[in-house]
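Here is how the chains run, residue by residue.
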Amino acid sequence: MAQELFERLQAGADFEELARAHSDDPASAERGGAWRLFERGAKDALLKEAVFTADVGEVFGPLESPLGFHIGRRDTIEGFDPSLRENNWVRGRAVLIAHR
């Protein structure tokens, strides 16, 4: 099944439509396959590594994990729902006004 879906995507099928119809992950299926946004880390798991090594718009897979087979696509972060952002990392700036 995974290979068949991958081939359909390679032939131009709509990723979001296939994700809604065929994904066994209810949360991401509802979002057309959208995963959370995350930052690259020192210990990237299989799927995370695949996303970061793919070009934007590239479909990759099928990849086997303990959960099953995954087909992914790297997307740009523009236009994604901010609630999908992973909150494991944050960067900030500050101006210090010292007590006198």
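The text that follows walks through the structure, step by step, so that each part is easy to find. Given the structure is predicted, the values throughout are model-derived calculations rather than measurements.

## Observations concerning the overall build of the chain
Here's step 1: Within the chain, the regular secondary structure consists of 4 helices and 2 strands.
Here's step 2: Secondary structure elements of the chain occur, N-terminal to C-terminal, as α-α-α-α-β-β.
Here's step 3: Taken as a whole, the chain presents about 7,900 Å² of accessible surface, with 52% of it coming from carbon and sulfur.

## Looking at the nonpolar core
Nonpolar side chains tend to gather and get buried jointly when the protein is soluble and globular.
Here's step 1: Of all hydrophobic cores here, the largest spans 7 residues; its members are Leu5, Phe6, Leu9, Phe15, Leu18, Ala19 and Val59.
Here's step 2: Of all the secondary structure elements, the ones that give two or more residues to this core are helix H1 (2–10) and helix H2 (15–22).
Here's step 3: For Leu18, the residues in contact, after removing those within four places along its chain, are Leu5, Arg8, Leu9, Ala13 and Ser23.
Here's step 4: Core analysis: the next-biggest nonpolar cluster, separate from the first, contains 5 residues, Ala50, Ala54, Phe60 and Leu63 among them.

## Some points on the environment of Asp14
Here's step 1: Inspection of the secondary structure assignment puts Asp14 in the loop between H1 and H2.
Here's step 2: The exposure class of Asp14 is partly exposed, given its relative accessible area of 40%.
Here's step 3: As a C-alpha pair, Asp14 and Gly32 span 18 residues in sequence and 9.7 Å in three-dimensional space.
Here's step 4: A polar contact of 3.3 Å, which involves the side chain of Asp14, links it to the backbone nitrogen of Glu16.

## Points about the pairing of strand E2 (residues 68–73)
Within a regular beta strand, the side chains point alternately toward one face of the sheet and then the other, so they alternate between its two faces.
Here's step 1: Alignment of strand E1 (residues 59–65) against E2, held across 5 bridges, turns out to be antiparallel. Within E2, the position partnered with Leu63 by the bridge is His70.

## Side note on the packing of H1 against H2
Here's step 1: For the pair H1 and H2, the least separation of the axes is 10 Å and the interaxial angle reads 160°. On the basis of their axis angle, the class for H1 and H2 is roughly antiparallel. The handedness of the crossing between H1 and H2 is right-handed. Contact residues: H1 offers Leu5, Arg8 and Leu9, while H2 offers Phe15, Leu18 and His22.
Here's step 2: Grouping the constituent residues of the contact of H1 with H2 by class yields 4 nonpolar, 1 polar and 1 charged.

## Focus on the pattern of salt bridges
Here's step 1: With the rule as written, the count across this model stands at 2 salt bridges.
Here's step 2: In this structure, the salt-bridge partner of Glu16 is Arg73, at a minimum N-O distance of 2.6 Å. In this pair, Glu16 is assigned in helix H2 and Arg73 in strand E2, connecting sequence segments 57 residues apart.
Here's step 3: Classification of Glu16 as partly exposed rests on a relative accessible area of 26%.
Here's step 4: Taking relative accessible area as the criterion, Arg73 reaches 23% and is therefore assigned partly exposed.
Here's step 5: Here the salt bridges share partners, and the residues they tie into one network are Glu16, Arg73 and Asp75.

How each quantity is defined
Residues numbered from 1 in each chain as written. Predicted model: local features only at pLDDT ≥ 70, side-chain atom pairs only at ≥ 80, totals over all residues. Heavy atoms only, no water. Helix = DSSP H or I, 4+ residues; strand = E, 2+ residues; numbered from the N terminus. Areas by Shrake-Rupley, 256 points an atom, 1.4 Å probe, with all protein chains shown as cover. Core = buried A, V, L, I, M, F, W, Y, C linked by side-chain atoms within 4.5 Å. Buried < 20%, exposed > 50% of the residue type's maximum accessible area, 1.4 Å probe, protein only. Contact = heavy atoms within 4.5 Å. Polar contact = N/O pair within 3.5 Å; in protein donor to acceptor, adjacent residues only side chain to side chain. Pairing = 2+ DSSP bridges. Axes fitted to C-alpha atoms, helices over the stretch in contact; angles between N-to-C directions. Parallel < 35°, antiparallel > 145°, perpendicular 65-115°, else oblique. Left-handed = near helix turned anticlockwise from the far one by under 90°. Nonpolar A, V, L, I, M, F, W, Y, C, P; charged D, E, K, R; others polar. Salt bridge = Lys/Arg side-chain N within 4 Å of Asp/Glu carboxyl O.

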